[in-house]
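# Fold and geometry: a report
What follows is each chain in one-letter form.
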Amino acid sequence: MSAEEPNPAATPTPCEDIQGDGRWMSLHNRFVSDSKDKEPDVLFVGDSLVQLMHQFGIWRQLFSPLHALNFGVGGDATQHVLWRLSNGELDNISPKVVVLWVGTNNHGHTPEQICGGIMAIVQVIKNKLPHARTVVLSILPRGKQPNPLRERNAMVNKLVQEAVLSLPHASFLNVDPGFVHSNGSISHQDMYDYLHLTPQGYQAVCDPLHAHLKSMLDKPAEN
Amino acid sequence: MSGDEVNPAAVPQPVEDVQGDGRWMSQHTRFVQECKDAEPDVLFVGDSMVQLMQQFEVWRELFSPLHALNFGIGGDTTCNVLWRLQNGELENIRPKVVVLWVGTNNYEHTAQQVAGGILAIAQLLTTCLPKAKIVVLGLLPRGERPNPLREKNAAVNGFLRSWLPRLGQAQLLDVSGEFVHSDGTIIQQDMFDFLHLTSTGYRSMAKPLCDLLLQILEETPEERRASLV
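Going by what an unreviewed UniProt entry lists, chain B is known as Platelet-activating factor acetylhydrolase IB subunit alpha2 and is assigned to Larimichthys crocea. Per UniProt, chain B carries the Subcellular location (unreviewed entry) text "Cytoplasm".

In the annotation of an unreviewed UniProt entry, the entry for chain A reads Platelet-activating factor acetylhydrolase IB subunit alpha1, and the organism field reads Larimichthys crocea. Heading Sequence similarities (unreviewed entry) of the UniProt record for chain A holds this comment: "Belongs to the 'GDSL' lipolytic enzyme family. Platelet-activating factor acetylhydrolase IB beta/gamma subunits subfamily." In its Subcellular location (unreviewed entry) section, UniProt records this for chain A: "Cytoplasm".

### Side note on unusual backbone geometry
Residue and element names in this part refer to chain B. The phi torsion at His67 lies on the positive side, around 55 degrees, for a residue other than glycine. Along the chain, the position of His67 falls in the loop between helix 3 (57-63) and strand 2 (68-72). Positive phi, close to 60 degrees, is recorded for Phe194, a residue that is not glycine. On the secondary structure map, Phe194 appears in the loop between strand 5 (170-173) and helix 7 (199-219). For Phe194, a relative accessible area of 0% corresponds to the buried category.

### Re the interface of chain B and chain A
Listed as interface residues are 24 residues of chain B and, on the opposing side, 25 residues of chain A. Together chain B and chain A conceal approximately 2300 Å² of surface at their shared face, both sides included; 54% is due to carbon and sulfur atoms. Considering only the side of chain B, the residues that lose the most area to chain A are B:Arg23, B:Arg30 and B:Gln55, jointly responsible for 24% of the buried surface there. Seen at the junction of chain B and chain A, the total is five salt bridges. A salt bridge links B:Glu144 to A:Arg30; its shortest N-O distance comes to 2.6 Å. For the pair chain B and chain A, the number of links is eleven residue pairs in polar contact (both at pLDDT 80 or more). Counting residues per element, the side of chain B that touches chain A draws most heavily on helix 1 (residues 23-37) of chain B, which supplies four residues. For the side of chain B that touches chain A, the per-class residue count stands at eight nonpolar, ten polar and six charged.

### Digging into the environment of B:Phe56
Here B:Phe56 lies in the loop between helix 2 (48-53) and helix 3. Expressed as a C-alpha distance, the spacing of B:Phe56 and B:Thr198, which sit 142 residues apart in the sequence, is 8.6 Å. Beyond its immediate chain neighbours, meaning those up to four positions away, B:Phe56 contacts A:Gln55, A:Phe56, B:Leu197, B:Thr198, B:Ser199 and B:Tyr202.

### Remarks on the UniProt feature "domain: SGNH hydrolase-type esterase" (unreviewed entry) in chain A
The positions that UniProt labels "domain: SGNH hydrolase-type esterase" (unreviewed entry) are, in the present scheme, residues 44-204 of chain A. The span residues 44-204 of chain A shows a helical share of 41% and a strand share of 14%, and its end C-alpha atoms are spaced 18 Å apart.

### Here's the deal with the UniProt feature "domain: SGNH hydrolase-type esterase" (unreviewed entry) in chain B
UniProt records the feature "domain: SGNH hydrolase-type esterase" (unreviewed entry) at residues 44-203 of chain B, using the numbering of this structure. Secondary structure within residues 44-203 of chain B divides into 38% helix and 14% strand; the distance between the first and last C-alpha atoms comes to 16 Å.

Calculation rules
- Residue numbers restart at each chain and count upward from 1, following the sequence in its written direction.
- Naming scheme: in the order in which they are written, chains are lettered from A and ligands are numbered from 1.
- Local features in this predicted model are restricted to residues of pLDDT 70 or higher, and side-chain atom pairs are both shown and tallied only at a pLDDT of 80 or more, whereas totals for entire chains, interfaces and linings draw on every residue.
- By convention in this description, side-chain values take in all heavy atoms of the structure and omit both hydrogens and water.
- UniProt positions are given in the numbering used here, feature names are shortened, and annotations may be inferred rather than shown by experiment.
- Under the scheme used here, helices are H or I runs from DSSP no shorter than 4 residues and strands are E runs no shorter than 2 residues, and both carry numbers assigned from the N terminus.
- For every residue, the accessible area obtained with a 1.4 Å probe (protein chains only) is divided by the maximum for its type, and the residue is called buried under 20%, exposed over 50%, and partly exposed between those limits.
- The contact rule is simple, with two residues in contact once any of their heavy atoms fall within 4.5 Å.
- Summed over both partners, buried area is the accessible surface (1.4 Å probe) that two parts give up on being assembled.
- Whenever Lys or Arg places a side-chain nitrogen within 4 Å of a carboxyl oxygen from Asp or Glu, that contact is recorded as a salt bridge.
- Polar contacts, as counted here, are pairs of nitrogen or oxygen atoms within 3.5 Å of one another; within protein the pair requires one atom able to donate a hydrogen and one able to accept it, and residues that are adjacent in sequence qualify only if both atoms are side-chain atoms.
- Lys, Arg, Asp and Glu make up the charged group, whereas Ala, Val, Leu, Ile, Met, Phe, Trp, Tyr, Cys and Pro make up the nonpolar group; the residues left over, Gly among them, are polar.

As structure tokens, then:
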């Protein structure tokens, strides 16, 4: 799917400090410094869905025991994650598995562009961490009722799933436990604002994810 | 604060569905629906600082027992909260206390305008709920190190400190002192992204708030209620 025009979703871009308190860069610098000190076996990277996971009991319950680090930043789109990983966040660490969960904030980009952005991130991870395996998580449906973003996210998932098939170091994992009910609605018990997960929503996503990661960590990587 | 110009932070405004999934309106609609069924004694209203609180244990432990409802929406400004309250989120409920926490997202407005917007919401609340007490939470500092938004939020609190006492039923509760260390930094253990509170951060500000609410609820005479069954 190479094209003549640059893909904005695959062009490393830091977040501009529009608000004025420098929080995005503070977080990035924290992560760079963490990667100097810590030795994670699993690295989670992505947007607020990754970041918020760290705030609930589920993180300590399921992922701390796997020696996991969390490099999630709310609001990040693929181009922001790409910039962060290309600018220090992968230096000095050698996790066995990188979990990548990003794409829902790529507003204005086509599914093809978003897939391209995700695949660019997978490539950067491969370049920096040649021995790590990357698990790309499906982007969840959003909004209370059916809407164009659900279609967009579903299309991204389809494209990414196909694209990683040919890659020995990467795989796609569908983590949607069935959030959309038969009447097409998503419950606020699962997503309190129809985008971000409640602790209950996280439990449904993370239990199978945890099992999958455990099985990956128990099995030695193929060379 | 009175002037001939309209304060943009006091103009009611819904959030436009730019992203395309209608989530803001879905949340507002849900709150309007909740007003039909619930009989809260305490109503929390505001932005993500309010909304996220409900996702942590502290809500179930301290505020659910007070029969509290949570009408927070992430990203909301004073304009958005004003619109929501004027468009159904106060119908059929008679809380004894309203906790208002909003203003940190008013990026386009000056500190004085933001304070004016908060005051306008407090005035609307006293008009619609004449018997309710209003607790306005001071804006928290934000950002890892000192920066203009910290100064702005502190200035908003300063205006509120002067203006709120003029509304007999409203008071300011400023919990911002908890969060800035002597070296000027805010730590991630309190605010995971230097704006939003962690479970630990919520615990430290929820205690004084809960104590105040209990005090107010004890002072408020019980109203006669129609029997439920």
